[in-house]
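# Reading the structure
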Amino acid sequence: MRAPVTDLPLVFEQANVIAGGVTILDHVSLTLSAGPPTVLIGPNGAGKTTLLRVAMGLTPLSSGRITWNGQERSGSGSDSASKARRAIVFQRPAMLRRSAAANIDYALAGVSAPRAQRIDELLALVGLSGLGSRPARRLSGGEQQRLALARALARDPAILFLDEPTASLDPAATKAIEDIVRAVAARGVKVVMSTHDLGQAKRLAGDVVLLHRGRLAEHGPTPAFFDTPRSDEARQFIAGELLV
Ligand SMILES: Nc1ncnc2c1ncn2[C@@H]1O[C@H](COP(=O)(O)OP(=O)(O)OP(=O)(O)O)[C@@H](O)[C@H]1O
Ligand SMILES: [Mg+2]
């Protein structure tokens, strides 16, 4: 992987998303800087997926703005070069009905470098060496999630958004994903991921963002977030109390 040239910091300023008359993101102001992973937590419906989609340029803001290293970007057209440096893995990634290797090859479309070698590198990075010829849809859930990561990494993103990458995976499969996240972050890729697993947030995050009902309830460095939370929401959420 080449060294990332990032568009960071990614800054949300009073970001609002309203859909169907419902406020989904409510004046979110947040700065995501280069460095260790940022982990988004919060109850179901808090707006985590929406925030990732907005950052990726897939969901438009109703008001407010987002800047990348000080610049506003439309997320389309002339912006395509920088857009290519971001990738997202959804919670239930859809695999093409072809081999694992062909799924990665598809993501590499237009890349002129020798693709077979790149595919092998990516399969190795996610621990799927030897499974390249297996139909992707016959891989286990954990293997599919790792293949989705390989696919997302195919074009050398500088920023990788992961939406609950370990939901419904067992502890071993979860550890495999966490190891990949660490390896990717160690290469300088900025990872922004959501999770419902507070242990995972502690293990991976440099900073933690708590969303609640579309609002940013708290954002801080991981130790401070868990040891000395400032908001009632964070205190309750960490204590395992229901946030409604
Ligand atoms: N296009 C839409 N139109 C109307 N409501 C929407 C739309 N997209 C999302 N929502 C609502 O916005 C809220 C936030 O959804 P979002 O998926 O961002 O939450 P989340 O924090 O990712 O939740 P989960 O933990 O369940 O994945 C939910 O109540 C959801 O139903
Ligand atoms: Mg979600």
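All figures in this text were calculated on a predicted structure; none of them were measured in a lab.

What counts, and at which threshold
Residues numbered from 1 in each chain as written. Chains lettered and ligands numbered in written order. Predicted model: local features only at pLDDT ≥ 70, side-chain atom pairs only at ≥ 80, totals over all residues. Near = placed C-beta within 6 Å. Helix = DSSP H or I, 4+ residues; strand = E, 2+ residues; numbered from the N terminus. Nonpolar A, V, L, I, M, F, W, Y, C, P; charged D, E, K, R; others polar. Buried ≥ 20, exposed ≤ 12 C-beta atoms within 10 Å, placed from the backbone. Contact = placed C-beta atoms within 7 Å. Core = buried A, V, L, I, M, F, W, Y, C linked by C-beta atoms within 7 Å. Pairing = 2+ DSSP bridges. Axes fitted to C-alpha atoms, helices over the stretch in contact; angles between N-to-C directions.

## A look at the site of ligand 1
Residues in contact with ligand 1, as listed here, are A19, G20, V22, I24, G42, N44, G45, A46, G47, K48, T49 and T50. Those elements that place two or more of their residues in the shell around ligand 1 are β2 (22–32) and α1 (48–56). Take the shell around ligand 1: its biggest share by element is 3 residues, from α1. When its residues are assigned to classes, the shell around ligand 1 shows 4 nonpolar, 7 polar and 1 charged.

## A few points about the environment of A152
Tracing the backbone shows A152 in helix α5 (residues 141–153). Here A152 falls in the buried class, since 23 other C-beta atoms lie within 10 Å of it. Sequence separation between A152 and R86 is 66 residues; the distance between their C-alpha atoms is 8.7 Å. The contact partners of A152, leaving out residues within four places of it in the chain, are A87, I88, V89, P157 and L160.

## Overview of the nonpolar core
Judged by nonpolar contacts, the single largest core of 62 residues is most densely connected at A150 and L160. The biggest single contributor to this core is α5, with 6 residues. Residues in contact with L160, not counting those within four places in the same chain, are A87, A152, V184, V189 and V191.

## A short note on the sheet that holds strand β7 (residues 159–163)
As summarised here, the arrangement of the 6 strands in space is β6-β7-β8-β3-β9-β10, forming an open sheet in which the pairing is mixed. The sheet terminates laterally at β6 (86–89) and β10 (215–221), the two strands that pair on one side only. Pairwise comparison of adjacent strand axes, ignoring direction, gives a mean angle of 15° for this sheet. Relative to strand β8 (residues 190–194), β7 is paired through 5 bridges, and the arrangement is parallel. When the bridges of β8 are listed, L162 appears paired with M193.

## Concerning the environment of G130
Mapped onto the secondary structure, G130 falls in the loop between α4 (115–125) and α5. Accessibility expressed as a C-beta count within 10 Å gives 10 for G130, which makes it exposed. Residues G130 and D120 lie 10 residues apart in sequence; the distance between their C-alpha atoms is 8.9 Å.

## A few points about the sheet that holds strand β5 (residues 71–72)
Ordered in space as β2-β1-β4-β5, the 4 strands form an open sheet in which the pairing is antiparallel. Strand pairing shows two members of the sheet lacking a second neighbour, β2 and β5, which therefore form its edges. Bridge count between strand β1 (residues 10–19) and β2: 7 bridges; the pairing is antiparallel. Residue pairing for β2: A15 is matched across the bridge by V28.

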